[in-house]
Amino acid sequence: WISAQRGHALEAESDLKEASETSALGGQTEPPDREDELDNHFICFVPVEGHLYELDGRKAFPINHGPTSPETFLSDAARVIKVNFMALDPDNYNFNVMALVLGDDE
């Protein structure tokens, strides 16, 4: 499947949406209203044709952060996070980083 088809399939999957909503409501803190403006959001870094792209729904288009490779992708993304995010507000620890990778047996 191409990415757009995957996105449409996930969007149409009502069981997944219901499970997500139930999980979000079962947390230890009260979730914000859908209309609330939040300072927190998700971004991701992906390698595309030898370049490191930042995908952020708040930006009009993907940001190309330069060359990367399968061997350097993780360190390249970490460098961008350190320089473009952490260095701007070194005392702010209000963020998380997660890497989705294949296991050794895959």
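Here the structure is a predicted model, which is why all the values come from computation and not from measurement. (Residues numbered from 1 in each chain as written. Predicted model: local features only at pLDDT ≥ 70, side-chain atom pairs only at ≥ 80, totals over all residues. Heavy atoms only, no water.)

A. Quick peek at the packing of aromatic side chains. Tallying each qualifying case throughout the model produces one aromatic pair. Where Phe-45 meets Phe-85, the ring centres are 6.4 Å apart and the plane angle is 85°; that geometry is what we call edge-to-face. Taken together, the residues Phe-45 in strand E1 (residues 43-48) and Phe-85 in the segment after helix H3 (73-84) connect sequence positions 40 residues apart. Phe-45 gets classed as buried once you look at its relative accessible area, which sits at 15%. (Phe/Tyr/Trp six-rings, centres within 6.5 Å; stacked < 30°, edge-to-face > 60°. Helix = DSSP H or I, 4+ residues; strand = E, 2+ residues; numbered from the N terminus. Buried < 20%, exposed > 50% of the residue type's maximum accessible area, 1.4 Å probe, protein only.)

B. Structural detail: the sheet that holds strand E2 (residues 51-56). In spatial order, the strands read E1-E2-E3; together these three strands make up an open sheet with antiparallel pairing. Looking at the sheet topology across the chains shown, the edges are occupied by E1 and strand E3 (63-67). Neighbour to neighbour, the strand axes of the sheet diverge by 25° on average, direction disregarded. Bridge count for E2 against E3 is three bridges, and the pairing is antiparallel. Each bridged residue has a counterpart across the sheet, and for His-51 the counterpart in E3 is Pro-67. Across the sheet, H3 lies against E1, E2 and E3, angled at about 140° from E1, the strand it touches most. (Pairing = 2+ DSSP bridges. Axes fitted to C-alpha atoms, helices over the stretch in contact; angles between N-to-C directions. Contact = heavy atoms within 4.5 Å.)

C. Just the nonpolar core, in detail. Ranked by size, the top nonpolar core spans five residues in total: Phe-45, Leu-52, Ala-77, Val-80 and Ile-81. Sorting elements by how many residues they give to this core places H3 first, with three residues. (Core = buried A, V, L, I, M, F, W, Y, C linked by side-chain atoms within 4.5 Å.)

D. Structural view of the confidence of the model for the protein chain. Averaged over the protein chain, the pLDDT score is 83; the fraction of residues at 70 or greater is 90%. Of all secondary-structure elements in the protein chain, the lowest mean pLDDT belongs to helix H1 (residues 3-12), at 75, while E3 reaches the highest, 97. (pLDDT = per-residue confidence, 0-100.)

E. Here's a closer look at the pattern of salt bridges. Scanning all chains against the criterion turns up one salt bridge. Here Lys-59 makes a salt bridge to Glu-54, at a shortest N to O gap of 3.0 Å. Take Lys-59: its relative accessible area is 37%, and that puts it in the partly exposed class. Overall, Glu-54 belongs to the buried group, its relative accessible area being 2%. (Salt bridge = Lys/Arg side-chain N within 4 Å of Asp/Glu carboxyl O.)

F. Focus on H3. With 12 residues, H3 extends 16 Å from end C-alpha to end C-alpha; this agrees with the ideal 16 Å at 1.5 Å per step. Every buried residue of H3 is accounted for by Asp-76, Ala-77, Val-80 and Ile-81. Looking straight down H3, one finds its buried side chains confined to an arc of 135°; they lie on one side. Exposed side of H3, more than 90 degrees from the buried face: Leu-74, Lys-82 and Val-83 are the residues found there. Buried-residue contacts for H3 involve E1, E2 and E3. (Expected span 1.5 Å × (residues − 1). Arc of directions from axis to C-beta.)

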